Amino acid sequence: MSDIPDDLRYASTHEWIRINDDGTASVGISDHAQDALGDIVFVELPEPGSSVNAKDEVAVVESVKAASDIYSPVSGEITAVNEALVDAPETVNSSPYENGWFFKMKIGDETKLHELMDAHAYSKHCDDE
Amino acid sequence: MGQQTSLYQKHLDAGAKIVDFAGWDMPINYGSLIEEHNQVRTAAGVFDVSHMTVVDVGGTDAEKYLRYLLANDVAKLDEVGRALYSAMLNHDGYVLDDLIVYRMSFGYRLVVNCATRAKDLRWMIQNTDGYAVSIQERPRLAILAVHGPESINKVCEVVEEDQANQIRGLKNFRGVELERFFIARTGYTGEKGVECIFPDSDASELWDKLLEAGVKPIGIGARDTLRLEAGMNLYGHDMDETTSPLAANMEFTIAYEPEDREFIGKPALIAHKQLRDAGKLPELVGLVLESRGVLREGQKLVTDKGEGIITSGSFSPTLKHSIALARIPINSQSCEVDLRGTLTRVRIVNPNFVRFGKKVFE
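Conventions we followed
- The residue numbers shown here count from 1 along each chain, following its written sequence.
- Each chain gets a letter, beginning with A, and each ligand a number, beginning with 1, in the order they are written.
- Local features are withheld for residues below a pLDDT of 70 in this predicted model, meaning they are given only at 70 or higher, and side-chain atom pairs are given and counted only at 80 or more; totals for whole chains, interfaces and linings count all residues.
- Secondary structure elements follow DSSP: runs of H or I no shorter than four residues count as helices, runs of E no shorter than two count as strands, and numbering proceeds from the N terminus.
- Throughout, radius of gyration means the C-alpha value; the globule benchmark is 2.2 Å times the number of residues raised to the power 0.38.
- Our exposure labels follow a C-beta count within 10 Å of each residue's own C-beta, placed from the backbone: buried means 20 or more other C-beta atoms, exposed means 12 or fewer, and partly exposed covers the counts in between.
- By the convention adopted here, residues are in contact when the distance between their C-beta atoms, placed from the backbone, does not exceed 7 Å.
- For every residue, the predictor reports its confidence as pLDDT, a number between 0 and 100.
- We call two strands paired when DSSP finds no fewer than two bridges between them.
- Note on definitions: angles span 0 to 180 degrees between N-to-C directions of axes, and those axes are lines fitted to C-alpha atoms, for helices only across the stretch in contact.
- Angles are sorted into four bins: roughly parallel if under 35 degrees, roughly antiparallel if over 145, roughly perpendicular if 65 to 115, and oblique for all others.
- Left-handed describes a crossing whose near helix is turned anticlockwise from the far helix through less than a right angle; right-handed describes the clockwise counterpart.
- Only Asp, Glu, Lys and Arg are considered charged in this grouping, and only Ala, Val, Leu, Ile, Met, Phe, Trp, Tyr, Cys and Pro are considered nonpolar; every other residue, Gly among them, is considered polar.

Across its full length, chain B carries nine helices and 21 strands. At 20 Å, chain B has a C-alpha radius of gyration in line with the 21 Å of a compact globule built from 362 residues. Taken along its principal axes, the extent of the C-alpha atoms in chain B is 60 × 50 × 40 Å. When each of the 362 residues of chain B is scored for burial, the buried share is 47%. Once local pairs closer than 6 in sequence are excluded, the contacts in chain B between residues at least 24 apart make up 67%.

Spelled out as structure tokens, the structure:
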């Protein structure tokens, strides 16, 4: 059974998003997603400062098994990326919700967060897959 | 639910993630493919490969029959226990399967791929006309492969002392029958080790003893990255019924001598050789990508001589970059891969990347 924290919102493509105290949002991939991918060996991160739309492909994660696109869960501007993942991509496996975050963003319209799933709905989504 | 080996519950107990593999429920990993891979390169791991198909060939014409059936020559097996890697070709000289054949006291034992089981058995039986042979599948045998630098010592810890001495004395591609167990120095990882073939009713006991001795269970995920690093072909990926063994780095397994031996596919291979000499048969090479990214099966290649394709690709846990096997026009000097829309330069090397834990290509 994978770990699905209650305080995050989730996209159907398995990204999570968290609103930070400073008003930015962090994005990563779920425990379910990292488990399905297996050992992660490369992470390609977006350019800080770029504007993205919801569902844009903004990053790539490659495991031994497969390559997978990471989509932005909402529209906004990328403000920071987790450079530590470049040298230690396995952090996404070991800490998907904390040290394994991919990027931070300034969200264009926070009301759009409600279009994403809560933990309960995401848990059901994973079970149905 | 697919077929299960007699160790299915043991895999679950060890935390296996189960996937379908050619109709079998097999452990892909027990947590981390990379850790399992490194375990085999640095210590010892055990693979349950009981899904593979064992076929025993007996009868007075067993040798004569197999000398006709297989592209390698079983006459090389001059002692009981010796092993040989061979292709089984069709009449067009294409690869029906690749296999290991052991000489046994009763005749010969073939271990073939499980995905090709039905086809192989049909083909073997079809070609028995005129030969006094018996062909018997042995579905109730388990196969455990124990590989890694410490593998032989670990196996010897869990068997009787006189048996341990016989196992220690085995050279590569040699095996020995020890009561119900057949133990041979063969494998699919590029490390030293043994494969044990024995009644599946004994499988749980041996499995438990090996784990107690510190051998770690290894899934079929790491089996694939280990064999790829060792430059070993995987049937259905690096070659199949549309591939000449000459285009699959398998010529070393073809016994053209003695000249008077006829075998299935031999006339066609002569034609393949002519094609190759004219530069019209592709070759299987190794590819190395030292920058970021992972080469994957099916990715398209462009060389200075034409187009090619990756037949097996992965991240190499030992080398920490990507490697691949690829079929490209013969004598290509340069090669680029289409990596998610971007053409990226890759290096062409001999298809052999890692042996005994060390990088072996230049």
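Before going further, it helps to spend a moment on the overall build of chain A. When helices and strands are tallied, chain A shows four helices and nine strands. Counting from the amino terminus, chain A carries its helices and strands in the arrangement β-β-β-α-β-β-β-β-β-α-α-β-α. The C-alpha radius of gyration of chain A comes to 13 Å, within 12% of the 14 Å expected for a compact globule of 129 residues. Taken over 129 residues, chain A has a buried fraction of 41%.

Within chain B, residue pLDDT values average 97, and 100% of them lie at 70 or more. For this predicted complex, the interface confidence score (ipTM) comes to 0.87, while the overall pTM stands at 0.95.

What follows concerns helix α2 (residues 33-42) of chain B. Residues and elements named next belong to chain B. The buried fraction of α2 is high, at seven of 10 residues. L33, I34, E36, H37, Q39, V40 and R41 are the residues of α2 that are buried. Tucked inside the fold, the buried residues of α2 contact β2 (24-29), β3 (45-48), β9 (141-147), β13 (216-217) and α8 (220-229).

Attention now goes to the sheet that holds strand β8 (residues 134-137) of chain B. Residues and elements named next belong to chain B. Here five strands make up an open sheet; going across it, the order is β5-β6-β7-β4-β8 and the pairing antiparallel. Only two strands of the sheet have a single partner each, and these edge strands are β5 (83-89) and β8. Put simply, the sheet's adjacent strands are angled 30 degrees from each other on average, direction ignored. As paired strands, strand β4 (residues 53-58) and β8 are joined by four bridges and run antiparallel to one another. The residue bridging G58 from the neighbouring strand is S134, located in β8. Sheet contacts for helix α3 (residues 62-69): β4, β5, β6 (95-104) and β7 (107-112); angle to β4, the most-contacted strand, approximately 130 degrees.

Before going further, it helps to examine the sheet that holds strand β4 (residues 40-44) of chain A. As a general point, the strands of a sheet are linked pairwise by backbone hydrogen bonds and lie either parallel or antiparallel. All names here are of chain A. The strand order across the open sheet built from three strands is β4-β6-β7, with neighbouring strands paired in antiparallel fashion. In the strand order of this sheet, the two ends are held by β4 and β7 (67-71), each with one partner. Across this sheet, the average inter-strand angle for adjacent strands is 25 degrees, counted without regard to direction. One ladder, built from five bridges, connects strand β6 (residues 57-63) with β7; its direction is antiparallel. Each bridged residue has a counterpart across the sheet, and for V61 the counterpart in β7 is S68.

All names here are of chain B. Take L228: it is sitting in helix α8. With 26 C-beta atoms packed within 10 Å, L228 lands in the buried category. For L228 and S134, which are 94 residues apart along the polypeptide, the C-alpha to C-alpha distance reads 35 Å. In this view, L228 contacts S312, S314, I323 and L325; residues no more than four positions away in its chain are not counted.

Quick look at the pairing of strand β19 (residues 342-349) of chain B now. Residue and element names in this part refer to chain B. Taken together, the three bridges between strand β14 (residues 283-289) and β19 define a ladder with antiparallel strand orientation. Directly across from G286, in β19, lies its bridge partner V349. Judged from the five bridges that link them, strand β18 (residues 335-339) and β19 form a sheet pairing that is antiparallel. Directly across from L339, in β19, lies its bridge partner T342. Linkage of β18 to β19, two consecutive antiparallel strands, is achieved through a turn of two residues, within which R340 is found at a positive phi near 50 degrees.

Residue and element names in this part refer to chain B. α8 packs onto α2 with a crossing angle of 55 degrees between their chain directions and a minimal axis gap of 9 Å. On the basis of the axis angle, α2 is oblique to α8. Both α2 and α8 take part in a crossing whose hand is right-handed. Residue-level inspection shows L33, E36, H37 and V40 of α2 in contact with α8, the latter providing G221, A222, T225 and L226. Considering only residue class, the contact of α2 with α8 consists of four nonpolar, three polar and one charged.

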